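Survey of secondary and tertiary structure
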Amino acid sequence: QVQLVESGGGLVQAGGSLRLSCAASPSISTINVMGWYRQAPGKQREVVADITTSGATKNSDSVKGRITISRNNAMNTVSLQMNSLKPEDTDVYYCYAELRYTLEQYWGQGAQVAVTS
């Protein structure tokens, strides 16, 4: 069982920045992919970005050029730096982790991001 604990998020004006962080506990070596997705009530889930242990990243087109995902493999932490935020970025952001061999996925409790115009 992997627990993911998120931190960061909050309220920011359009054009501002926020940083989300997530730590996996226990810190196990079989986590392959870590990333973030967002989902507002009634909306479809969107994978914002993810990163593998080798550093390969994928970003959603909606945030491309405005976000940077980074990871510390030794600590099993992942961070999402979000810049030039827009009101449409308002959402609950969930950290997730996928195990290498079993492909089991785990999710955090969610971090609220609210962007005002």
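Here, every reference points to the structure presented above.
Residues numbered from 1 in each chain as written. Predicted model: local features only at pLDDT ≥ 70, side-chain atom pairs only at ≥ 80, totals over all residues. Heavy atoms only, no water.

Turning to the overall build of the protein chain, a few remarks are in order. Looking only at helices and strands, the protein chain has zero helices and eleven strands in total. When the helices and strands of the protein chain are read in sequence order from the N terminus, they spell out β-β-β-β-β-β-β-β-β-β-β. The C-alpha atoms of the protein chain give 14 Å as radius of gyration, which agrees with the globular expectation for 117 residues (13 Å, within 12%). Each principal axis of the C-alpha atoms in the protein chain carries an extent, and together these give about 45 × 25 × 20 Å. A burial count over the protein chain gives 44% of its 117 residues as buried. Within the protein chain, contacts between residues at least 6 apart in sequence are counted, and of these 56% link residues at least 24 apart. When the accessible surface of the protein chain is summed, it comes to about 6100 Å², and 50% of that surface belongs to carbon and sulfur atoms. Charged side chains of the protein chain number 10 positive and 9 negative; the gap between the two group centres comes to 4 Å. (Helix = DSSP H or I, 4+ residues; strand = E, 2+ residues; numbered from the N terminus. Rg over C-alpha atoms; globule rule 2.2 N^0.38 Å. Buried < 20%, exposed > 50% of the residue type's maximum accessible area, 1.4 Å probe, protein only. Contact = heavy atoms within 4.5 Å. Areas by Shrake-Rupley, 256 points an atom, 1.4 Å probe, with all protein chains shown as cover. Lys, Arg positive; Asp, Glu negative; His and termini not counted. Charge placed at Lys NZ, Arg CZ, Asp CG, Glu CD.)

This paragraph deals with the state of the cysteines. On inspection of all chains with the given rule, the structure shows one disulfide. In this model, Cys22 is linked to Cys95 through a disulfide, with the two sulfur atoms separated by 2.0 Å. Of note, the bridge from Cys22 to Cys95 carries an S-S torsion of about -80° and is left-handed in sense. Taken together, the residues Cys22 in strand E3 (residues 18–25) and Cys95 in strand E9 (residues 91–99) connect sequence positions 73 residues apart. Comparing Cys22 with Cys95 shows no difference in burial state: the two are buried. (Disulfide = S-S within 2.5 Å.)

On to the packing of aromatic side chains. Any two aromatic rings considered together are summarised by their centre-to-centre distance and by the angle between their planes. This model, assessed by the stated rule, comprises two aromatic pairs. Judged by centre distance (6.1 Å) and plane angle (45°), the rings of Tyr37 and Tyr96 are tilted. Of this pair, Tyr37 sits in strand E4 (residues 31–39) while Tyr96 is found in strand E9, placing the two residues 59 residues apart along the sequence. Accessibility classification places Tyr37 together with Tyr96 in one group, the buried group. Here the guanidinium or amino end of Arg45 rests over the ring plane of Tyr37, the centre of that ring lying 4.6 Å away. (Phe/Tyr/Trp six-rings, centres within 6.5 Å; stacked < 30°, edge-to-face > 60°. Lys NZ or Arg CZ within 6 Å of the ring centre and 35° of its normal.)

Moving on, we come to the pairing of E4. When you tally the buried positions in E4, you get eight out of nine residues, the bulk of the element. Pairing analysis gives eight bridges linking E4 to E9, with the strands arranged antiparallel. From the neighbouring strand, Ile31 faces E9, where its bridge partner is Leu99. Bridge count for E4 against strand E5 (residues 46–51) is five bridges, and the pairing is antiparallel. Its bridge partner lying in E5, Gly35 is registered against Asp50. (Pairing = 2+ DSSP bridges.)

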